[in-house]
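Commentary on secondary and tertiary structure
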Amino acid sequence: PDVNIYSYHINSTVNSRYAITVITSRVKNQLPESKEVHFQVKIPKNAFISQFRMTIEGKTYDGVVKEKEEAQQQYSRAVSRGESAGMVSSVGTTLEEFKTSVTVAASSKVTFELTYEELLTRRHGKYQLLIHIQPMQPVADFKMDVSIYESSKISILEVKDGSNKKPDYVTDTQSDKVVWVDFYPPRTQQTRCCGENGLNLDLIITYDVERPKSAGEIKVSDSFFVHYFAPSDIHRIPKNVVFVIDRSGSMSGRKIIQTRLALLKIIADLAEVDHFGLIPFNDQVEVWKPELVKATWSNKISATSFVKQILNAGCKTVLIFDPVPFIMYCESNPTRIQANVKRAIGGRFPFYCLGFGFDVDFDFLEKMALENNGLARRIYEDVDIEQQLVGFYDEVAIPLLTNLQLRYVGATNLTQTEFTRYYSGSEIVVAGQLSDSPGTLQAQTTGTSNKNQLTYRDSVSTRRSSEFYLADTYIKRLWAFLTVKQLLMKEKTLEGQEKEAVRKKALDLSLRFKFVTPLTSLVVVKPRKEDTQVAQKAKEKDSPAEGQSAETLDSSGTPTPFIRPIPPPPVTQENVNIPILLSSSVRFLVSSAGQPKPLCFDLPGHSNYRLLLDPLSGYSMNGELVQDGFQKIVLHFKDDHYLKLSSENVRYYDGRNDLTFLWGEEAEEFDTDSVTLIIRNNEMDVTMGTMRVVFHRHEKDGRVFLWPSVKLQPKANAEGILGKASFGYEELPGSEIRIRSERVKATWSTTTDYRRSSAPVLGCWLVPYQSVLQGELSGFTVSQLSSPAWVTMDRTFGITLLGLLLVCAAAAPTKQGGDVEIYSFHINSTVTSRYAVTVITSRVKNRLTESQEVHFQVKIPKNAFISKFRMTMEGKTYDGVVKKKEEAQQQYSQAVSRGESAGIVSSVGRTLEEFKTSVTVAAASKVTFELTYEELLTRRLGKYQLLINAQPMQPVADFKIDVSINEGPDISLLEVKGGLNTNELANAVTTTRSNNKAWVNFYPTVEQQRKCGGCAESGLNGDLIISYDVERVNPGGELQVSNGFFVHYFSPMDVQRIPKNVVFIIDRSGSMHGRKMHQTRLAMLKILGDLSPDDNFGLITFDGNVDVWKHELLQASQRNLEQAKDFVKKIEDRGATDINAAVLKGVQMINRHPREGSASILILLTDGDPTSGETNIERIQASVKKAIGGKFPLYCLGFGFDVNFDFLEKMALENNGLARRIYEDSDADLQLQGFYEEVATPLLTDVELNYIGAGNLTQTSFSHYYNGSEIVVAGQITDNSLENFKTEVIAISKNSKVKYQDSMSVKDLIGVTAEHEVLQRLWAYLTVKQRLEKEVTLKGEEKEAAKKEALELSLKYNFVTPLTSMVVTKPQAGETQVAHKPKEGEQPPRTAGRFLALPLPPPG
């Protein structure tokens, strides 16, 4: 790739529930020119970003947290320059996205580092740490390390992904109060699990701690304390609960269905001691029972029947109980509603508000809930609505205490200390600052339980705690985090000076501790020209390096990396017996599956040991053990790989090169022939075949030694001391352990875990080595570390090569994947009367002796509709079924929840979409994939173009592309171009032409597939572009009739061009700065040079102001053109974006000077949203439509992906034009010129096409017909008695109205097409395309009617359109994938393609 993410580390440290996560991405620009490099990560919504930095060319650029208003000026400048501002945005239910970018010089590197902090909340009896992993490409040096340190013993630990499974290559180690979770997937696994873009998953670590004291857990450090209160030895309190359920019309469909399902589950879970009520409402309020009733079995059955009858209907109102008994009145003012509810509740019980979707006024609900001691929760409109509702109820289902008050003697600046409820499975957290007086902190908690007043007391010394594993300042940051969170919630309930005081306190703390909160922004000054980016905390209602394991604060409060080894667990005489170790012994740790305590054993030092041996792969690792660890370690792999590590250096020989690396070198990667070496500061990460080991270099008392940490090995245990992947045991009474069937005496002891760079001290069960190794030492010792042959090599080779890592990596042979053989890959495209049906067939064999996943991935034109997909394996065929998108939603969501590839059609570059799927194939078995897509070829600049992309992912012996073209008229032009028609492949392409038929064949050899330009060991990768045109002998056009359908192609040639009136409206706002503005000027200079002397033109530039070059349209004379070019050269970017005023000014200029015999065109170029003047897009669209009045077309060109393309598209379509996206590439000026050339020569205006005896017609009215284009109309012949089919075309030419009439015998036309159903499918294709465009411009019933027609045709003809989905049920366990048609507005990844294939605006 152009950009190589060579290292991606996630390090998360949880210290007593407070998590600090650091994401570090190291990236290299591999191009010989500067390139923009992106950093994009997702973080939990509950977290605060506290640090961001970029290091490039030895210089570090730190983000600075500022008050949002103070940052506004820098923020606005960033926006005006088109930079990424407001970079934190909501993503789904739990995540926010942070993104930035920087320009990196050729062959240079950049390091991004983002830190965020969060307090883990206890829900359902567990804490949950969510880490999203998506580096955007496979990364050789990928690792995720999580460390959890708690004061109490960890009682539960679970590690899962989003599909509720534990991912491969995740290891967890638990030792009493400490847990480590590591995720070191190799590059192959990153692609195997998640596709060619690498990892994309959530890792969810769930845990809980033991609670020996009912009074809670208090931690004190650095003048701050935190108190965790979560007693469990309390009887539940019976509850009175009323469910108030919205049943208004907006709750229709899935919302009301899943609400009913959730209520049924909740009612069933009510305890018999509970009382409950049900109130559904729309503009009328209904109660199930006028009083609360006991949750008896009969009452729950009655309530269940009532819930099942709740239907959505009517509008929404809120009924408020007036203080006068039994009187109710309608109220719609949110402020008065909030006041009435607060007055009615009177603080006696909490009020929880659940807001459905993003149409709800969440601020209103949140304030109303917070004012009444509750909270608001958004329920996301997804398939798991029912689970979200039930999940929330489960959090509050079991109240244990009410009216809690927590009091502290010796503390101040406390967070919230009063709580109305404490629920089972939750936790109350209070933090504060210790007062100056020394001694003890006294805590007292009171609450009510079943009418009984309970009091809990505790006291702790305020002297510095010795239990802390990491820097003590984390409690201070926890206090600040919790204080800011609570102040921000409190501020929503206040008014006036109280509100401002709370806001100021939250702001001061946010700035002091560098938290990015809703009150602050993170300002990032980038290296290039002092560019600025501003990251802001997203609002909830918005729609959708090693060793740095923890952080401490310097004097300014800035997080700085710090680690302190953890102390041994507390020792008690009853259960611990630390043995006296001989100085010659070294202790090893073994992770224990399913056990919180690891095993350990001692081995004599000063010996050579076999550490790992896997004879099947030819892998061995031996080490020389000395006093603390290993002095030397030697690895052999296959016949020609040798790696020797010592405390001084690392030496590697690959059969050709002998290399030596020094510890401490800059992180680099070496990759060759199943071997990957990654050198870091004091680490070396080595992957050889299926073995991955990280070697740590430690220093202790001046002695330096090595220690290996096995991260990946075959599932079956390998031989050697480190060969046990995991070890299970059972604890027995009396300090005994059962290992397998053997009872072993064990001693609780401690050791240092050198498998981690931080070298923490762990508790472990010390057992004899024989019970773990299952043998005597003689079976694990070796006489020498290397075999005799390698010893000889070791003595004779003396070449030391330092700093040549990249050179060798570049020269290394490329790895070829032979596990999957694509033995046949055929593309067959048949074009009949411009309508192309293309079938891609891939036949694949699994050559392994075990099952494996086989992928099918192809690119198709964006303009095409997929109409068929099937997989055939073991004699059985699995066909994709096209369904209504809503109907397919359940299968789609289930696929997502299982982590499968859903939505598998995605945009790729300007002209292509990508289809991908996969299936598990049995050992030595085969699978055939077949994909069919259809498209109507559009005539642009006098040619039709068929684009075929070929990228089978490996050389294929049986590869061929066959294209056949069958037209009515003779073919006048045939060209074959594209990346696959190069000099190397010239003799692989053959073309044949005969009258109205043409054939193109492409049959490259395997050798050619490897050596062509842009091709490599992975085979072909490029486009074949076939362009052609036909003779046009009849000015009235070409008619084709078949099976009761017709198509009419109208493109007369013998017409004089019409002089045009064209106004160019050019966005010059700040976001157009740089290359966009430069390329716009270049394009405009070329376009002005191409204007004809009889054309009139005008230029309008706009930002927040609108400027005209001349107030009137001027003739395109040489003098005027030169003046216009001078004006264009001086256009500079600045200011905001007033699209409305600019477009209306252009309309006014054209309307002011109507000219007979001319055609008027308005062209708008912009790259952003309206930000000045009129900014309401609907009012802009309405005013533009009214001003133009259908008199001429408006074409909208949207620059890049920050533009509101939907807005431009609707505005263009409403005015007989179209919208085109201009891609931000080096050829943007050519794209602009290419579009203009398509509309540069109008030949006819006001074109009307009429057909006698036909119905169900596609579009028949077009405002303009341009030279080089073609008007296509299709329909059904409804008059069965018709002998002659008559056509009439009426239009306005340069100086007069023209009429084209034609009459042809139906019998003569029948059978002209080669395929019986082609015209019918062409008609359906064109109808669906046009109805989808029309639907954009309509409202109400008309919109629904157009959408309904498009949907019915899509389903009837099996087209995958924006209204349908293709559901693919795969062989294994009915697994499902769903393919959706992507929307043009979805940003595709950049591609290296440079083939200009711009859609032509349809005439009109």
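Report follows, based on the coordinates. These figures come from a predicted structure and were not determined experimentally. (Residues numbered from 1 in each chain as written. Predicted model: local features only at pLDDT ≥ 70, side-chain atom pairs only at ≥ 80, totals over all residues. Heavy atoms only, no water.)

**Some remarks on the overall build of the protein chain**
Inclusion rule: Helix and strand definitions here come from DSSP, where helices need a minimum of 4 consecutive H or I residues and strands a minimum of 2 consecutive E residues; each element is numbered from the N-terminal end. Method for areas: the Shrake-Rupley scheme with a 1.4 Å probe, in which residue coverage is limited to the protein chains shown.
Each helix and strand in the protein chain was counted, giving 23 helices and 86 strands. About 59100 Å² of surface is accessible on the protein chain, with carbon and sulfur atoms providing 49% of the total.

**What about the sheet that holds strand S64 (residues 943-950)?**
We apply this condition: Strand pairing follows a simple DSSP-based rule, namely that at least 2 bridges must link the two strands.
The strand order S63-S64-S69-S66 describes an open sheet built from 4 strands, whose pairing is antiparallel. The open sheet terminates on both sides in strands that have one partner only, identified here as strand S63 (939-940) and strand S66 (971-977). Bridge analysis of S63 against S64 gives 2 bridges, and the strand direction is antiparallel. Bridge assignment links arginine 939 to a residue of S64, and that residue is tyrosine 944.

**Considering the packing of aromatic side chains**
Given two aromatic rings, their pairing is described by the distance between the two centres and the angle made by the two planes. Basically, it comes down to this: Between 30 and 60 degrees the pair is tilted, below 30 it is stacked and above 60 it is edge-to-face, where a pair is any two Phe, Tyr or Trp rings, Trp via its six-membered ring, whose centres lie within 6.5 Å. Residue exposure (1.4 Å probe, protein chains only): buried if accessible area is under 20% of the type maximum, exposed if over 50%, otherwise partly exposed. By definition here, charges over rings are those cases where NZ of Lys or CZ of Arg is within 6 Å of the ring centre and within 35 degrees of the ring normal.
Following the criterion strictly, the structure yields 49 aromatic pairs and no others. When the centroid spacing of 4.9 Å and the interplanar angle of 85° are considered together, the rings of phenylalanine 705 and tyrosine 754 count as edge-to-face. With phenylalanine 705 in strand S48 (residues 703-712) and tyrosine 754 in the loop between strand S52 (747-752) and strand S53 (761-766), the pair connects residues that are 49 residues apart, well separated along the chain. Of the two residues, phenylalanine 705 and tyrosine 754, both sit in the buried class. Ring plane angle 90° and centroid distance 6.4 Å describe the contact between tyrosine 1325 and phenylalanine 1359, whose orientation is recorded as edge-to-face. Of this pair, tyrosine 1325 sits in helix H22 (residues 1318-1337) while phenylalanine 1359 sits in the loop between helix H23 (1340-1356) and strand S85 (1364-1369), placing them 34 residues apart in sequence. Here tyrosine 1325 and phenylalanine 1359 have matching classes, each one buried. Taken together, the aromatic side chains of Tyr18, Phe48, Phe224, Trp479, Phe481, Phe513 and Phe515 make up a single cluster linked through ring pairs. Of note, arginine 17 hangs over the ring of tyrosine 228, and the distance from its end group to the ring centre comes to 3.9 Å. The ring of tyrosine 1049 has arginine 834 lying over it, and the distance from NZ or CZ to the ring centre is 3.8 Å.

**Remarks on unusual backbone geometry**
For residues other than glycine, phi is negative in most cases, and the peptide bonds are mostly trans. With a phi angle near 50°, asparagine 413 is a residue other than glycine that sits in the positive phi range. Structurally, asparagine 413 can be placed in the loop between strand S27 (411-412) and strand S28 (418-423). Unlike most non-glycine residues, asparagine 1256 shows phi in positive territory, near 50°. Mapping asparagine 1256 onto the fold places it in the loop between strand S80 (1254-1255) and strand S81 (1261-1266).

**Looking at a nonpolar patch on the surface**
Put simply, the rule reads: Only residues whose relative accessible area exceeds 30% and that form no salt bridge enter a patch; like-charged residues are grouped when within 9 Å of one another, and nonpolar side chains (Val, Leu, Ile, Met, Phe, Trp, Tyr) when within 5 Å. Salt bridge, as used here, is a side-chain nitrogen of Lys or Arg placed within 4 Å of a carboxyl oxygen of Asp or Glu.
On the surface, Val242, Val244 and Leu292 cluster together to form a nonpolar patch covering roughly 240 Å² of accessible area. Within the secondary structure, leucine 292 is located in the loop between strand S20 (275-281) and strand S21 (293-294).

**Remarks on the state of the cysteines**
Short version of the rule: Defined by distance alone, a disulfide is two cysteine sulfur atoms within 2.5 Å.
Taken as a whole and judged by the stated rule, the model has 1 disulfide. Two residues, cysteine 600 and cysteine 764, share a disulfide whose sulfurs are 2.2 Å apart. Measuring the twist about the S-S bond at about 75°, one finds the cysteine 600-cysteine 764 disulfide to be right-handed. With a gap of 164 residues between them, cysteine 600 in strand S37 (residues 599-604) and cysteine 764 in strand S53 connect regions that are remote in the sequence. We note that cysteine 600, like cysteine 764, is buried.

**With respect to the pattern of salt bridges**
On inspection of all chains with the given rule, the structure shows 63 salt bridges. For glutamate 150, the salt bridge is made with arginine 17, and the minimal N-O distance between the two is 2.7 Å. Pair noted here: glutamate 150 is in the loop between strand S12 (141-149) and strand S13 (154-161) and arginine 17 is in the loop between strand S1 (3-15) and strand S2 (18-29), with a separation of 133 residues, a long-range link. According to the relative accessible area criterion, arginine 17 is buried, its value standing at 0%. Among the ionic pairs, aspartate 172 bridges to lysine 166, the shortest N-O distance being 2.6 Å.

**So, helix H19 (residues 1205-1213)**
Think of an α-helix as turning once every 3.6 residues; residues three or four places apart then point the same way. Test applied: In what follows, a contact means two residues having at least one pair of non-hydrogen atoms within 4.5 Å.
For H19, a buried count of 7 out of 9 residues is recorded, marking the element as mostly surrounded by other parts of the structure. Among the residues of H19, those classed as buried are Phe1205, Phe1207, Leu1208, Lys1210, Met1211, Ala1212 and Leu1213. Its buried side turned inward, H19 meets helix H17 (1139-1152), strand S76 (1159-1166), helix H18 (1177-1188), strand S77 (1194-1199), strand S78 (1219-1222) and H22.

**Some details on the packing of helix H15 (residues 1075-1090) against helix H16 (residues 1118-1129)**
In plain terms, the rule: Angles run from 0 to 180 degrees between N-to-C directions of axes, and those axes are lines fitted to C-alpha atoms, restricted for helices to the stretch in contact. Angle categories are assigned with fixed cut-offs, so that under 35 degrees is roughly parallel, over 145 is roughly antiparallel, 65 to 115 is roughly perpendicular, and the rest are oblique. Three classes are used: nonpolar for Ala, Val, Leu, Ile, Met, Phe, Trp, Tyr, Cys and Pro, charged for Asp, Glu, Lys and Arg, and polar for all others, with Gly counted as polar.
One way to put it is that H15 packs onto H16 with a least axis distance of 10 Å and a crossing angle of 175°. Compared by their axis directions, H15 and H16 come out roughly antiparallel. Here Arg1081, Met1084, Leu1085, Leu1088 and Gly1089 of H15 lie close against H16, whose contacting residues are Leu1121, Ala1124, Lys1125, Val1128 and Lys1129. A breakdown of the residues in the contact of H15 with H16 according to their chemical character gives 6 nonpolar, 1 polar and 3 charged.

**Observations concerning the sheet that holds strand S4 (residues 48-56)**
Taken in spatial order, the 8 strands line up as S5-S4-S9-S2-S1-S12-S15-S14 in an open sheet, and their pairing is mixed. This sheet does not close on itself; its edge strands, each paired only once, are strand S5 (59-62) and strand S14 (170-175). For this sheet, the mean angle separating the axes of adjacent strands, direction not counted, is 10°. Note: S4 against S5, 4 bridges, orientation antiparallel. For arginine 53, the partnering residue across the bridge sits in S5 and is aspartate 62. Together, S1, S2, S4 and strand S9 (109-119) form the strand contacts of helix H8 (residues 474-491), whose direction differs from that of S9 by roughly 70°.

**Some words on empty space enclosed by the protein**
Definition in use: Two kinds of site are reported from a 1 Å grid over the protein atoms alone, namely cavities, where a 1.4 Å probe fits but cannot get out, and pockets, open sets with protein on both sides within 12 Å along at least five of seven lines, and residues are called lining when an atom falls within 4 Å of a point. Grid points are joined across faces, edges and corners, and a volume is the space filled by probe spheres set on the points.
Here the second largest cavity defines a volume of roughly 110 Å³. Taken together, 13 residues make up the lining of the second largest cavity; nearest its centre are Phe1064, Met1084, Ile1087, Ile1163 and Leu1197. Of all elements in the fold, only strand S72 (1060-1067), H15, S76 and helix H20 (1228-1239) reach the threshold of two or more residues within the lining of the second largest cavity. Residue composition of the lining of the second largest cavity, by class: 12 nonpolar, 1 polar and no charged.

**Describing the pairing of S37**
Extensive coverage of S37 is indicated by the burial of 5 of its 6 residues. In this sheet, S37 lies alongside strand S36 (residues 585-590) in antiparallel orientation, the contact comprising 6 bridges. When the bridges of S37 are listed, leucine 589 appears paired with cysteine 600. When S37 meets S53, the two strands line up parallel, connected through 2 bridges. When the sheet's bridge partners are listed, cysteine 600 is paired in S53 with leucine 766.

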